[in-house]
Amino acid sequence: MNIYPVAAAPNRGAAIALVKNTKQNTPTVLIDDREKLPLVFHRLPSKKTRLRVGDYSLLGVENFIIERKRYDDFVRSISGTRRAPFFDNLKRMRDGYSFARLIIIGSPAFKLKVHAMAKLRNKGRIHISQTCIDGTLEAIQKHFFPVVQVDTAEQAATMIEQWALDFHSHHE
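Summarised in this report is the structure supplied together with it. (Residues numbered from 1 in each chain as written. Predicted model: local features only at pLDDT ≥ 70, side-chain atom pairs only at ≥ 80, totals over all residues. Heavy atoms only, no water.)

## So, the side chain of S57
Phase 1: With respect to the helices and strands, S57 occurs in strand β3 (residues 56-58).
Phase 2: Residue classification places S57 among the buried residues on the basis of a relative accessible area of 0%.
Phase 3: Among the polar contacts listed, one links the side chain of S57 to the backbone oxygen of F64, at a separation of 2.6 Å. (Helix = DSSP H or I, 4+ residues; strand = E, 2+ residues; numbered from the N terminus. Buried < 20%, exposed > 50% of the residue type's maximum accessible area, 1.4 Å probe, protein only. Polar contact = N/O pair within 3.5 Å; in protein donor to acceptor, adjacent residues only side chain to side chain.)

Structure below.
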């Protein structure tokens, strides 16, 4: 099994932060610095850094990774030329991390709106059936790891914080 570290070797500041957070028994959420609109965490501290895979991880933990997608971005990621890189990313997450999740943000109304727009405007936009989207979600859950769908970014942040706390408490 290959391990893909989430970040380069920690600098002295990161090591100090890890010791501080260990004493407080509070994990620090790492946010990939390429995230354009990162989630806002209220219960846990967070820090931006470059992750090799995924969007969210934990400081000092190499086997916890979360990929976050908005529903419209997920649909684009499973279509056309973006499909292969997206699935390569999922494979690296599955093979290198004991805890990996895909969290998709978008309310049911938003999902329907995105899909209707895609069908109506076939001008360089995606054209994919809801059946294909649903089948891809099922395949990811069967062959990779759990997929969780939430309505809002706030719900996604809360879910990631809970996973981080649960994982941290079981792996101290």
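## A word on the packing of aromatic side chains
Phase 1: Taken as a whole, this structure holds nine aromatic pairs when the rule is applied.
Phase 2: Joined through ring pairs, the aromatic side chains of F74, F86, F87, F144 and F145 make up one cluster. (Phe/Tyr/Trp six-rings, centres within 6.5 Å; stacked < 30°, edge-to-face > 60°.)

## Let's talk about the pattern of salt bridges
Pairing between side chains becomes possible if they bear opposite charge and their charged atoms approach one another.
Phase 1: Within the structure shown, the criterion is met by nine salt bridges.
Phase 2: In this structure, R68 engages E35 in a salt bridge whose closest nitrogen and oxygen atoms are separated by 2.6 Å. Linking R68 in strand β4 (residues 61-70) with E35 in the loop between β1 (29-32) and β2 (46-49), this pair joins segments that are 33 residues apart in sequence. Across the pair, exposure class does not vary: R68 and E35 are buried alike.
Phase 3: Close ionic contact of K69 with E67 constitutes a salt bridge, the shortest N to O distance being 3.6 Å. When sorted by exposure, K69 lands in the same class as E67, which is buried. (Salt bridge = Lys/Arg side-chain N within 4 Å of Asp/Glu carboxyl O.)

## Quick word on the sheet that holds strand β5 (residues 99-105)
Think of a sheet as strands paired side by side through backbone hydrogen bonds, with each pair either parallel or antiparallel.
Phase 1: The six strands lie next to each other as β2-β1-β3-β4-β5-β6, forming an open sheet whose pairing is mixed. Strands at the two margins of the open sheet, each flanked by one partner only, are β2 and β6 (147-150). Averaged over neighbouring strand pairs, the angle between their axes works out to 25 degrees when direction is ignored.
Phase 2: When β1 meets β2, the two strands line up parallel, connected through four bridges. Its bridge partner lying in β2, I31 is registered against K48.
Phase 3: Lying on the sheet, helix α5 (residues 130-143) is in contact with β5 and β6; it crosses β6 at an angle near 135 degrees.
Phase 4: Contacting β3, β4, β5 and β6, helix α6 (residues 153-170) runs over the sheet at an angle of about 170 degrees to β5. (Pairing = 2+ DSSP bridges. Axes fitted to C-alpha atoms, helices over the stretch in contact; angles between N-to-C directions. Contact = heavy atoms within 4.5 Å.)

## A look at the nonpolar core
Phase 1: Formed by 24 residues in total, the largest nonpolar core has its most connected members in F74, F86, L90, L102, I133 and I140.
Phase 2: Of all the elements in the fold, those that place two or more residues in this core are α2 (71-77), α3 (83-96), β5 and α5.
Phase 3: The biggest single contributor to this core is α3, with four residues.
Phase 4: Counting residues in each nonpolar core, the second largest holds 21 residues, with F64, I105, W163 and F167 among its members. (Core = buried A, V, L, I, M, F, W, Y, C linked by side-chain atoms within 4.5 Å.)

## Points about the environment of F86
Phase 1: Among the secondary structure elements, F86 is positioned in helix α3.
Phase 2: Once the C-alpha coordinates of F86 and F74 are considered, the two residues, twelve residues apart in sequence, prove to be 9.2 Å apart.
Phase 3: Sequence-distant contacts of F86, defined by excluding residues within four places in its chain, comprise K69, F74, S77, I78, L102 and I140.

## Topic: the layout of surface pockets
Phase 1: A volume near 640 Å³ is recorded for the largest pocket.
Phase 2: In this structure, the largest pocket is lined by 23 residues; those nearest its centre are E35, D55, E67, K69 and D73.
Phase 3: When contributions to the lining of the largest pocket are tallied by element, the ones reaching two or more residues are β4, α2 and α3.
Phase 4: Residues belonging to the lining of the largest pocket are distributed by class as follows: seven nonpolar, three polar and 13 charged. (1 Å grid on protein atoms, 1.4 Å probe; cavity = no way out; pocket = protein on both sides within 12 Å on 5 of 7 lines; lining within 4 Å. Points joined across faces, edges and corners; volume = space filled by probe spheres on them. Nonpolar A, V, L, I, M, F, W, Y, C, P; charged D, E, K, R; others polar.)

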